[in-house]
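Okay, here's what each chain looks like letter by letter:
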Amino acid sequence: MLKQQLQKDLNESLKSGNQLKRLVLGMVMTAIKNKELGKRQQLSKTVSDTGELEKQSQLTDEEIIEVVAGEVKKRKESVEQFKAGGREELAQKEKSEMDILLAYLPEQMGESEICAEIQKTISETGATSAKDVGKVIGAVMAKLKGRADGGMVSKIVKKLLICKT
C-alpha cells in the first residue's frame with residue numbers, strides 16, 4: 001500500500017514539475033527496488049516457483065518504512081555534516097529532502113512517550129546496568145519501529161541505565 005502511494009506521488013511530481021520531490025521519491029523507489037532484489041536473491045535459494053518468488057520478494061509496508069527511515073537518517077547525518085562544514089545551502093537542501101520523506105513515516109513519538117516506553121521495557125527485561133543497554137535498545141526499537149529516532153532512544157536508554165548504576 002505504501003509503495004503504491006510513493007509511486008503515485010512520484011508520478012504526480014513528474015506531472016507537476018516538482019523536481020525536488022521527483023528526485024527524492026525516485027531515490028526512495030530505487031532503494032525499495034534494491035531491497036526487493038536482495039530479498040528475491042535470498043528467497044531464490046529456497047523458492048523455485050517464479051510467481052511465488054515475485055510475490056514473496058515484495059516488501060511489506062513495515063519494510064518500506066524501514067527503507068524510508070534509513071533515507072531520513074542519511075539526510076539527517078548529511079545536514080549535520082554540512083552545517084559543521086559551513087555549507088548551509090547544502091544542509092537546507094538535505095533538510096528539504098528529509099521533510100518530504102518524513103511525510104511517509106508514521107507520526108514520530110515525543111521524548112516523554114519514548115522515555116515511558118523505555119522505562120517499561122527496562123522493567124520487562126530486568127535490565128539493571130550499562131551492559132544491558134544493547135538489549136534494551138533492541139527491544140525498544142522493535143516495539144517502536146519507525147515511530148522513534150534511534151539516536152534519541154539510545155541516548156535515553158544510556159541515561160537511564162548508566163545513571164541508575
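Throughout, residues of each chain are indexed from 1 in the direction in which the sequence is written. Residue-level local features of this predicted model are given only where pLDDT is at least 70; pairs of side-chain atoms are given and counted only at 80 or more, and the full residue set underlies all totals for whole chains, interfaces and linings. Heavy atoms throughout the structure, all of them, feed into the side-chain values; hydrogens and water do not.

Caption draft 1: Geometry of the environment of S57. The topology assignment puts S57 in helix α3 (residues 50-57). For the exposure calls, accessible area comes from a 1.4 Å probe over protein chains only, and a residue counts as buried if that area is under 20% of its type's maximum, exposed if over 50%, partly exposed in between. The class for S57 is buried, based on a relative accessible area of 2%. With 87 residues separating them along the chain, S57 and L144 place their C-alpha atoms 24 Å apart. Sequence-distant contacts of S57, defined by excluding residues within four places in its chain, comprise E36, K39, R40 and L43. Engagement of the side chain of S57 in a polar contact is seen with the backbone oxygen of E54, the distance being 3.1 Å. Working definition: helices are DSSP H or I runs of at least four residues, strands are E runs of at least two. Numbering for both runs from the N terminus. Note on contacts: a residue pair is in contact if any heavy atoms of the two residues lie within 4.5 Å. Under this definition, polar contacts are N or O atom pairs within 3.5 Å; protein pairs additionally need one hydrogen-donor-capable and one acceptor-capable atom, and for neighbouring residues in sequence, both atoms have to be side-chain atoms.

Caption draft 2: Looking closely at the packing of helix α2 (residues 19-43) against α3. Note on geometry: axes are C-alpha line fits, over the in-contact stretch for helices, and angles between N-to-C directions span 0 to 180 degrees. At their nearest, the axes of α2 and α3 sit 9 Å apart, and the two run at 135° to each other. On the basis of their axis angle, the class for α2 and α3 is oblique. For the element pair α2 and α3, the recorded crossing hand is right-handed. Contact with α2, carried on its side by E36, K39, R40 and L43, involves T50, L53, E54, Q56 and S57 of α3 and no other residues of that element. In the contact of α2 with α3, the residues fall into two nonpolar, three polar and four charged. When an angle is under 35 degrees it counts as roughly parallel; over 145 it counts as roughly antiparallel; between 65 and 115 it counts as roughly perpendicular; any other value is oblique. Should the near helix be turned anticlockwise from the far one by less than a right angle, the crossing is termed left-handed; should it be turned clockwise, right-handed. Following the grouping adopted for this structure description, the nonpolar residues are Ala, Val, Leu, Ile, Met, Phe, Trp, Tyr, Cys and Pro, the charged ones are Asp, Glu, Lys and Arg, and the polar ones are all others, Gly among them.

Caption draft 3: Quick peek at helix α7 (residues 133-143). Those residues of α7 that fall on the buried side of the exposure criterion are V133, V136, I137 and V140. Angularly, the buried residues of α7 cover 100° about the axis, an arc narrow enough to put them on a single face. The exposed residues of α7 that point more than 90 degrees off its buried face are G134 and A142. Arc, as used here, means the arc of the directions from the helix axis to the C-beta atoms.

Caption draft 4: Looking closely at the nonpolar core. Counting residues in hydrophobic clusters, the biggest one holds 20 residues, and the most contacted among them are L6, I32, I64 and V68. Counting residues per element, this core draws most heavily on α2, which supplies six residues. Residues contacting I64, with those up to four places away along its chain left out, are L2, K3, L6, I32 and L59. Counting 16 residues, the second largest nonpolar core, distinct from the first, contains I114, I118, V140 and L144. Side-chain atoms within 4.5 Å link the members of a nonpolar core, which is a set of buried Ala, Val, Leu, Ile, Met, Phe, Trp, Tyr and Cys residues.

Caption draft 5: How the structure looks around the packing of helix α4 (residues 61-84) against helix α5 (residues 88-102). In contact at an axis separation of 8 Å, α4 and α5 are set at 160° when each is read in the N-to-C sense. As the angle between them shows, α4 and α5 are arranged roughly antiparallel. Relative to α5, α4 is oriented so that their crossing is left-handed. For the pair α4 and α5, the contacting residues are V68, E71, V72, R75, K76, S78, V79, F82 and K83 in the first and E88, L90, A91, E94, K95, E97, M98, L101 and L102 in the second. Taken together, the residues of the contact of α4 with α5 break down into nine nonpolar, one polar and eight charged.

Caption draft 6: Main features of the pattern of salt bridges. Only one rule defines a salt bridge in this text: a Lys or Arg side-chain nitrogen within 4 Å of an Asp or Glu carboxyl oxygen. Summed over the entire model, instances satisfying the criterion amount to 14 salt bridges. We note a salt bridge from E66 to K35, for which the minimum N-O separation is 3.9 Å. Placement of the pair is E66 in helix α4 and K35 in helix α2, with a sequence separation of 31 residues. Classification of E66 by relative accessible area gives partly exposed; the value is 35%. Between R40 and E54 there is a salt bridge, with the nearest N and O atoms lying 2.4 Å from each other. Of the two residues, R40 is situated in helix α2 and E54 in helix α3; the sequence distance between them amounts to 14 residues. Taking the relative accessible area as the measure of exposure, E54 reaches 36% and is therefore partly exposed. Sharing partners across several salt bridges, the network here consists of E71, K74, R75, K93 and E97.

No statement about biological role is implied by the geometric values presented.
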